[in-house]
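# Structural characterization, general
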Amino acid sequence: MRPDAIVAQWTADDLTRVFRTYLDHVRDVDGWSVETVRSQPTAFGNFRRFLLETVGPGVPLGRHLFEIEEWIRWNRLAGRGGHTLNTYWRRIRSFFRWLDRQYGLPNPFEALRPPSVPARLPKARSPEECLRILEATEHYPWPEAFERVRNLAVMATALYAGLRRKELVGLKFLDVDLDDGTLRVVGGKGRGGGKDRIIPIAPDLRHHLDSYLRHRRQQGIVAPEFFCSRQTKRGISMMTLRRIVLAVRRASGVPFSLHSLRHSFVTQLLRSGVPLHTASALAGHNQITTTAGYLKVFDEDKIQAMRAFSFSD
């Protein structure tokens, strides 16, 4: 019996058991990050609901397992947007590629194009907003001086080094070398345990990090984590990071997310004339096209461009 005929006898429950094996494989063998593995079940759950509505529980999936375009149509009728569909499509495609390797199954995605993604406005904040965020962090009524300098260092690291939230929380004491002027990110986003990168420390960031380190030494903190709690003498949690962002967002009046500060970092690099491939390396992107997608053209850039525009010499 052909592989596709065998797999077509699977029910939705059978497919779910195979999907769990797939998750184990991409985590333990392919080395996908925890975040990437955790993002897969949402797309699979959507695909499974489509199959259950189409064939019913306990019934062999048959040809419906391969009807990817019908699955996309089902999602569109349910009102799901292009970004969601594109994400689901790519994650289920990865699952089918694995099925192809494991079972010799024909991949129904091979002749298909992913759902189009509508253009999104870039998330970068303006330079004025970024400065306001730092000012709001500095002047916020934190309970103690240590929290003030630590939280200011956290926000400055997000803005001047473009670290993701996981990278901020996971930053180690030995990863920050003020003497050498570098900040090392170990195990950033990506497969195989993540991508490492070295970021030169900007002068403005150095000031905030130096101030935080002085306060850290005064508190007798010797934990391996860089950003720490004075009470526990251990690294801050993701919850603490969220609370810092929420407090500063309210105080500044700037509707930013932590990831938008990363967008601001990349955008400001490009606006400052940093070559695209250099900005891509500093951001830890695997593809230059990802970096280019971060660029936001501000109104002032348009004005400056038009002031210099002329047909005469």
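Now for a look at the structure at hand.

Basis of the calculations
- The numbering scheme is per chain: residues are counted from 1 as the chain's sequence reads.
- In view of the model being predicted, local features appear only for residues whose pLDDT reaches at least 70, and side-chain atom pairs are presented and counted only at 80 or more, with totals across whole chains, interfaces and linings using the full set of residues.
- Excluded from the side-chain calculation are hydrogens and water; included are all heavy atoms of the structure.
- Secondary structure elements are taken from DSSP: a helix is a run of H or I of four residues or more, a strand is a run of E of two residues or more, and numbering for both begins at the N terminus.
- Relative accessibility under 20% of the residue-type maximum defines a buried residue, over 50% an exposed one, and the middle range a partly exposed one, all with a 1.4 Å probe and only protein chains included.
- Only heavy atoms matter for contacts: two residues are in contact if any of them lie within 4.5 Å across the pair.
- Only the protein chains shown count as covering a residue, and every accessible area follows the Shrake-Rupley method with a 1.4 Å probe.
- Expected helix span is computed as 1.5 Å times (number of residues minus one).
- Each pair of strands is called paired provided DSSP finds at least two bridges between the two strands.
- Here an axis means a line fitted to C-alpha atoms, over the contact stretch when the element is a helix, while the angle between two N-to-C directions is reported on a 0 to 180 degree scale.
- For classification, angles of less than 35 degrees are called roughly parallel, those exceeding 145 degrees roughly antiparallel, those between 65 and 115 degrees roughly perpendicular, and all remaining angles oblique.
- In this count, Pro and Cys sit with the nonpolar residues alongside Ala, Val, Leu, Ile, Met, Phe, Trp and Tyr, while Asp, Glu, Lys and Arg are called charged and the others, Gly among them, polar.
- The salt bridge definition used is simple: a Lys or Arg side-chain nitrogen within 4 Å of an Asp or Glu carboxyl oxygen.
- Stacked, tilted and edge-to-face are the three classes assigned to paired rings of Phe, Tyr and Trp, where Trp is represented by its six-membered ring and a pair needs centres within 6.5 Å; plane angles under 30 degrees give stacked, over 60 edge-to-face, the rest tilted.
- Lysine NZ or arginine CZ positioned within 6 Å of the ring centre and within 35 degrees of the ring normal marks a charge as sitting over the ring.

This part covers the overall build of the chain. From N to C terminus, the chain includes 14 helices and three strands. Residues counted as buried form 45% of the 313 residues belonging to the chain. Contacts in the chain between residues far apart in sequence, at least 24 positions, make up 62% of those at least 6 positions apart. Accessible surface for the chain amounts to roughly 17200 Å². Of this, 53% is attributable to carbon and sulfur atoms.

It is worth spelling out helix 11 (residues 258–271) at this point. The end-to-end C-alpha distance of helix 11, which contains 14 residues, comes to 20 Å, matching closely the 20 Å that a straight helix rising 1.5 Å per residue would cover. Most of helix 11 sits out of view: 11 of its 14 residues are buried. Looking only at helix 11, the buried set comprises Leu258, Ser260, Leu261, Arg262, His263, Ser264, Phe265, Val266, Thr267, Leu269 and Leu270.

Moving on, we come to the pairing of strand 2 (residues 182–185). The pairing of strand 1 (residues 176–177) with strand 2 spans two bridges and is antiparallel. Looking at the pairing, Asp177 lines up with Thr182 of strand 2. Hairpin geometry of strand 1 and strand 2 is characterised by an intervening segment of four residues between the two adjacent antiparallel strands and by a positive phi of about 75° at Gly181. Summarising the sheet, strand 2 and strand 3 (residues 197–200) pair through four bridges and their orientation is antiparallel. Within the sheet, the bridge partner assigned to Leu183 lies in strand 3 and is Ile199.

A few words on the side chain of Thr16. Relative to the elements of secondary structure, Thr16 occurs in helix 2 (residues 12–28). Excluding residues within four positions of it along the chain, Thr16 makes contact with Phe44 and Arg48.

Moving on, we come to the packing of helix 3 (residues 34–55) against helix 4 (residues 68–77). Between helix 3 and helix 4, the shortest axis-to-axis distance is 10 Å and the interhelical angle comes to 100°. In terms of axis orientation, helix 3 runs roughly perpendicular to helix 4. Contact residues: helix 3 offers Asn46, Phe47, Arg49, Phe50 and Glu53, while helix 4 offers Ile68, Glu70, Trp71, Trp74 and Asn75. Classifying every residue of the contact of helix 3 with helix 4 gives five nonpolar, two polar and three charged.

Next up on the list: the pattern of salt bridges. Applying the stated criterion across every chain, the model contains 12 salt bridges. Here Arg48 and Asp13 are joined by a salt bridge, their closest N and O atoms 2.5 Å apart. Of the two residues, Arg48 is situated in helix 3 and Asp13 in helix 2; the sequence distance between them amounts to 35 residues. Residue classification places Arg48 among the partly exposed residues on the basis of a relative accessible area of 23%. Given a relative accessible area of 41%, Asp13 falls into the partly exposed group. Two residues, Glu70 and Arg73, come together in a salt bridge whose shortest N-O distance is 2.4 Å. Residue Glu70 and its partner Arg73 are both found in helix 4; the two are separated by three residues, about one turn of the helix. For Glu70, a relative accessible area of 38% corresponds to the partly exposed category. Via salt bridges that share partners, Asp24, Arg27 and Asp28 belong to a single interconnected network.

Moving on to the environment of Leu52. Secondary-structure assignment places Leu52 in helix 3. The exposure class of Leu52 is partly exposed, given its relative accessible area of 25%. On a C-alpha basis, the gap between Leu52 and Thr11 in space is 9.0 Å, while along the polypeptide they are 41 residues apart. Leaving out residues up to four positions away in the same chain, Leu52 has contacts with Ala12 and Pro57.

The next point concerns the packing of aromatic side chains. All told, the structure shown has 22 aromatic pairs when counted by the stated rule. Centre to centre, the rings of Trp89 and Phe109 are 5.1 Å apart; their planes meet at 75°, and the pair counts as edge-to-face. One end of the pair, Trp89, is in helix 5 (residues 82–103); the other, Phe109, is in the loop between helix 5 and helix 6 (127–139), with 20 residues separating them in the sequence. The ring of Trp74 is capped by Arg80, whose NZ or CZ atom sits 5.4 Å from the centre of that ring. One cation-aromatic arrangement involves Arg249 over Phe256; the distance from NZ or CZ to the ring centre is 6.0 Å.

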